[in-house]
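One-letter residues, chain by chain:
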Amino acid sequence: KRWGHVSLASAVNTTVCVVTQRRQGLLFQRQFELPALEPDDRVLLQLAVTGHGWAATTSGCGEFCHAVYRIFLNNVSVANVTQWRDDCHDNPIDGSMQKGTWFSSRNGWCPGSVEPGVFFDATQWMHAGSNELRVEVVVWSATAAGYVAYSDFGGFALGDE
């Protein structure tokens, strides 16, 4: 498709609004201080997710997003974590006694389950002084037939906090 050309002379008094949607995928980023480590010290990182609070997001999938959390320590990619649960139907409570979607697979938890998260040893990426932790998220998109950077444009517009 060919677009017309507008000269600057005719556009001087024209108001233009350019809107673009950029997926950035950043969930959070934190700086933190760490004291000097002794030779046998270990730094453990725990990540626990549930997917709650995403119901109004652009993807509209809430806890049903298949998400991958990308963990960066001091700008080094150290882990890709998914806590997708496809065993929710194994809930020991009699299914005839429960209502709702308890049997459906979810991001990071199942109704009635305890979610301890995942622990991993982050010692090799840490150093005394200032350190940075960054967590990015990609979610499965049926439209794109692949993982795309998470964004919450729709949630922001609808007051999702």
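A brief structural summary.

Cut-offs used in this document
Residues numbered from 1 in each chain as written. Predicted model: local features only at pLDDT ≥ 70, side-chain atom pairs only at ≥ 80, totals over all residues. Heavy atoms only, no water. Phe/Tyr/Trp six-rings, centres within 6.5 Å; stacked < 30°, edge-to-face > 60°. Buried < 20%, exposed > 50% of the residue type's maximum accessible area, 1.4 Å probe, protein only. Lys NZ or Arg CZ within 6 Å of the ring centre and 35° of its normal. Helix = DSSP H or I, 4+ residues; strand = E, 2+ residues; numbered from the N terminus. Contact = heavy atoms within 4.5 Å. Polar contact = N/O pair within 3.5 Å; in protein donor to acceptor, adjacent residues only side chain to side chain. Core = buried A, V, L, I, M, F, W, Y, C linked by side-chain atoms within 4.5 Å. Disulfide = S-S within 2.5 Å. Salt bridge = Lys/Arg side-chain N within 4 Å of Asp/Glu carboxyl O.

### Comments concerning the packing of aromatic side chains
Okay, so step 1: A full pass over the atoms with the stated rule returns 1 aromatic pair.
Okay, so step 2: Centre to centre, the rings of Trp140 and Tyr147 are 5.3 Å apart; their planes meet at 80°, and the pair counts as edge-to-face.
Okay, so step 3: Accessibility expressed as a relative area gives 44% for Trp140, which makes it partly exposed.
Okay, so step 4: Between the NZ or CZ atom of Arg106 and the centre of the ring of Trp109, over which it lies, the distance is 5.3 Å.
Okay, so step 5: Sitting over the ring of Phe72, Arg134 keeps its end group 4.1 Å from the ring centre.

### A closer look at the environment of Asp121
Okay, so step 1: With respect to the element layout, Asp121 can be found in strand E7 (residues 118–121).
Okay, so step 2: Considered as a pair, Asp121 and Arg42 are 79 residues apart in the sequence and their alpha carbons are 7.0 Å apart.
Okay, so step 3: When sequence neighbours within four positions are dropped, the list of residues in contact with Asp121 reads Arg42, Val43 and Leu44.
Okay, so step 4: Among the polar contacts listed, one links the side chain of Asp121 to the side chain of Arg42, at a separation of 2.7 Å.

### Focus: the nonpolar core
Okay, so step 1: Counting residues in hydrophobic clusters, the biggest one holds 22 residues, and the most contacted among them are Tyr69, Ile71, Phe120 and Val139.
Okay, so step 2: Secondary structure elements with two or more residues in this core: strand E2 (44–47), strand E3 (67–73), strand E4 (76–81) and strand E8 (129–141).
Okay, so step 3: Dropping the residues within four chain positions of it, Phe120 is found in contact with Val43, Leu44, Leu45, Ile71, Val78 and Ala79.

### Some points on the state of the cysteines
Okay, so step 1: Taken as a whole and judged by the stated rule, the model has 1 disulfide.
Okay, so step 2: Between the sulfur atoms of Cys88 and its disulfide partner Cys110 the distance amounts to 2.1 Å. In this structure the cystine formed by Cys88 and Cys110 twists about its S-S bond by roughly -85°; its chirality is therefore left-handed. Of this pair, Cys88 sits in the loop between strand E5 (84–85) and strand E6 (106–107) while Cys110 sits in the loop between E6 and E7, placing them 22 residues apart in sequence.
Okay, so step 3: Residue classification places Cys88 among the buried positions, given a relative accessible area of 2%.
Okay, so step 4: In this structure Cys110 comes out as buried when scored by relative accessible area, which is 4%.

### Details of the environment of Ser113
Okay, so step 1: Looking at the element boundaries, Ser113 is found in the loop between E6 and E7.
Okay, so step 2: By relative accessible area, Ser113 is classed as partly exposed at 29%.
Okay, so step 3: The sequence separation of Ser113 and Asn91 amounts to 22 residues, and the corresponding C-alpha distance is 8.1 Å.

### Notes on the pattern of salt bridges
Okay, so step 1: Considering all chains together, one arrives at 4 salt bridges under this definition.
Okay, so step 2: A salt bridge links Asp121 to Arg42; the shortest N-O distance between them is 2.7 Å. Here Asp121 is found in strand E7, whereas its partner Arg42 is found in the loop between strand E1 (26–34) and E2, with 79 residues between them in sequence.
Okay, so step 3: Classification of Arg42 as exposed rests on a relative accessible area of 53%.
Okay, so step 4: Residue Arg134 is joined to Glu132 by a salt bridge in which the shortest nitrogen-to-oxygen separation is 3.9 Å. For the pair formed by Arg134 and Glu132, the shared burial category is buried.
Okay, so step 5: Three or more residues are tied together by salt bridges with common partners; here these are Glu132, Arg134 and Glu136.

### Topic: the environment of Arg70
Okay, so step 1: Here Arg70 is to be found in strand E3.
Okay, so step 2: Judged by its relative accessible area of 33%, Arg70 is partly exposed.
Okay, so step 3: In this structure, the C-alpha to C-alpha distance between Arg70 and Arg134, residues 64 residues apart in sequence, is 8.1 Å.
Okay, so step 4: Dropping the residues within four chain positions of it, Arg70 is found in contact with Ala79, Asn80, Arg134, Val135, Glu136 and Val138.

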